[in-house]
Amino acid sequence: MKYRTIGTDPNNRREVSVLSLGAMLFGSRTDEETSFAVLDRYVEAGGNFIDTSDNYAFWIDGGQGGESEELLGRWRRSRGVGDEIVIATKLGARPLAPGTSYVDNAEGLSAKVIRESAERSRDRLGVAKLDLLYAHIEDHGVPLRETVEGFAELVAEGTVGLLGVSNHAIWRVERARALAAAAGLPGYEVLQYAHSHLRPRFDVPDGGLFPDGSLGHAGPELLSYLRAEPGLTLVAYTPLLRGAYTHPDRLPADFDHPGTPARLNALREVAKETGATLNQVVLAWQIGAELPIVPLVGASSVAQLEESLAAVDLELTPEQRARLDAAH
């Protein structure tokens, strides 16, 4: 395994594995025995960066979520896991009532919610401190200053370490970070957005969260922001597009545009040259990128995880990397 540092504060920054494991469906669609086996293998391979959320996976049974955090808590207790494993969780998108969703009835990002939801996550996970806590989705009904101060209070109290943000417009991320900096408070340092080798159209509206086009993907603005702010890290979710590289029929509609075939061809060429799978090339491309990117992979079996783990040791040549970057 290889590692990189996330965060800049010496008191809270952490060394995390360059491959993060997503626990979104653990305890719901992925049963406990399989979930434990995947977690055990990930840790055995040197992985130490696990991702969850307080709303995972509410859409499976129409509830409010929490199953993933609860399973991770049971796994931690049964294995005697301590703070050597970095667990990131999120708040803000948990439905307030069963049968609703984050689109119409999200908990939001008020100071009260931040405090209460973080406490519930600590209880479910069985930890005294959340290593990394994300603002999951935007809350336009709460002043950014209240959200910034709400997160900072938990850091000051020692119940939260690093702060992160996901699925926000970059201008709102920067505004929140500027508010925090001006007040001498900790700000967001880890950005979690969808990112893969294939690029979506960013102008396709999402009637739920993004009526003007996607804000949940790492586009040019976010990547240029990373380039300008070396203290930030991108955690890239759905890097394998939910299996679409090996099952093209799963490719989302917003990837159906003229640039996709050229990038797929470049990917296939490099996979053939290296003897690796398409998935492994995508992950290696992210892990070895100039910008600090940590791919976040899911796995519903140990075999799926093994494929992703092998990507950590896949070294692409500068020429192969340039070809993958330039294809459009």
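Use the structure listed above.
Remember, it's a predicted structure, so these values are computed and weren't measured experimentally.

A. Focus on the layout of surface pockets. Counted as a void, the second largest pocket has a volume near 350 Å³. Residue lining of the second largest pocket: 21 residues in total, with Glu-138, His-140, Gly-208, Leu-209 and Phe-210 positioned closest to the centre. By residue class, the composition of the lining of the second largest pocket is nine nonpolar, eight polar and four charged.

B. Structural detail: the sheet that holds strand E7 (residues 160-166). The eight strands lie next to each other as E3-E4-E5-E6-E7-E8-E9-E10, forming a closed barrel whose pairing is parallel. With direction set aside, neighbouring strand axes in the sheet form an average angle of 30°. In this sheet, strand E10 (residues 293-297) lies alongside strand E9 (residues 233-237) in parallel orientation, the contact comprising four bridges. The partner of Val-235 across the bridge, within E10, is Val-294. Along the sheet face, helix H10 (residues 278-287) touches E9 and E10 and points at about 150° away from the line of E10.

C. Expanded view of the packing of aromatic side chains. Taken as a whole, this structure holds four aromatic pairs when the rule is applied. Measuring from centroid to centroid gives 6.0 Å for Tyr-56 and Trp-59, while their planes differ by 80°, and the two rings are edge-to-face. Of the residues examined, Trp-59 reaches a relative accessible area of 37% and is grouped as partly exposed. Here Phe-151 and Tyr-188 contribute two aromatic rings whose centre-to-centre distance is 6.2 Å and whose plane-to-plane angle is 75°, an arrangement assigned as edge-to-face. Of the two residues, Phe-151 is situated in helix H6 (residues 144-157) and Tyr-188 in the loop between helix H7 (170-182) and strand E8 (190-194); the sequence distance between them amounts to 37 residues. Using a relative accessible area of 1% as the deciding quantity, one classes Phe-151 as buried. Three or more aromatic residues joined by ring pairs form one cluster here, namely Tyr-56, Phe-58, Trp-59 and Tyr-102. Cation over ring: Arg-172 sits above Trp-171, and NZ or CZ is 5.6 Å from the ring centre.

Criteria and cut-off values
In this numbering scheme, every chain counts its residues from 1 along its sequence in written order. pLDDT decides what is reported in this predicted model: residues at 70 or higher carry local features, side-chain atom pairs at 80 or more are listed and counted, and totals for whole chains, interfaces and linings draw on all residues regardless. Excluding hydrogens and water, the side-chain values take into account all heavy atoms of the structure. Using only the protein atoms, space was sampled on a 1 Å grid; points where a 1.4 Å probe fits but cannot get out form cavities, open sets with protein on both sides within 12 Å along at least five of seven lines form pockets, and lining residues are those with an atom within 4 Å of a point. Grid points are joined across faces, edges and corners, and a volume is the space filled by probe spheres set on the points. Residue polarity follows a fixed list, in which Ala, Val, Leu, Ile, Met, Phe, Trp, Tyr, Cys and Pro are nonpolar, Asp, Glu, Lys and Arg are charged, and the others, Gly among them, are polar. Pairing between two strands is assigned when DSSP locates at least 2 bridges connecting them. Think of it this way: any DSSP run of H or I at least four residues long counts as a helix, any run of E at least two long counts as a strand, and we number them from the N terminus. Here an axis means a line fitted to C-alpha atoms, over the contact stretch when the element is a helix, while the angle between two N-to-C directions is reported on a 0 to 180 degree scale. Throughout, a contact is declared for two residues whenever any of their heavy atoms are within 4.5 Å. For this analysis, a ring pair means two rings from Phe, Tyr or Trp (six-membered ring only for Trp) whose centres lie within 6.5 Å, classed as stacked if their planes differ by under 30 degrees, edge-to-face if by over 60, and tilted for the remaining angles. Type-normalised accessible area, obtained with a 1.4 Å probe on protein chains alone, sets the label of each residue: buried when under 20%, exposed when over 50%, and partly exposed for intermediate values. The rule is short: NZ of Lys or CZ of Arg within 6 Å of the ring centre and within 35 degrees of the ring normal puts a charge over the ring.

Spatial relationships are all this shows, so hold off on functional conclusions.
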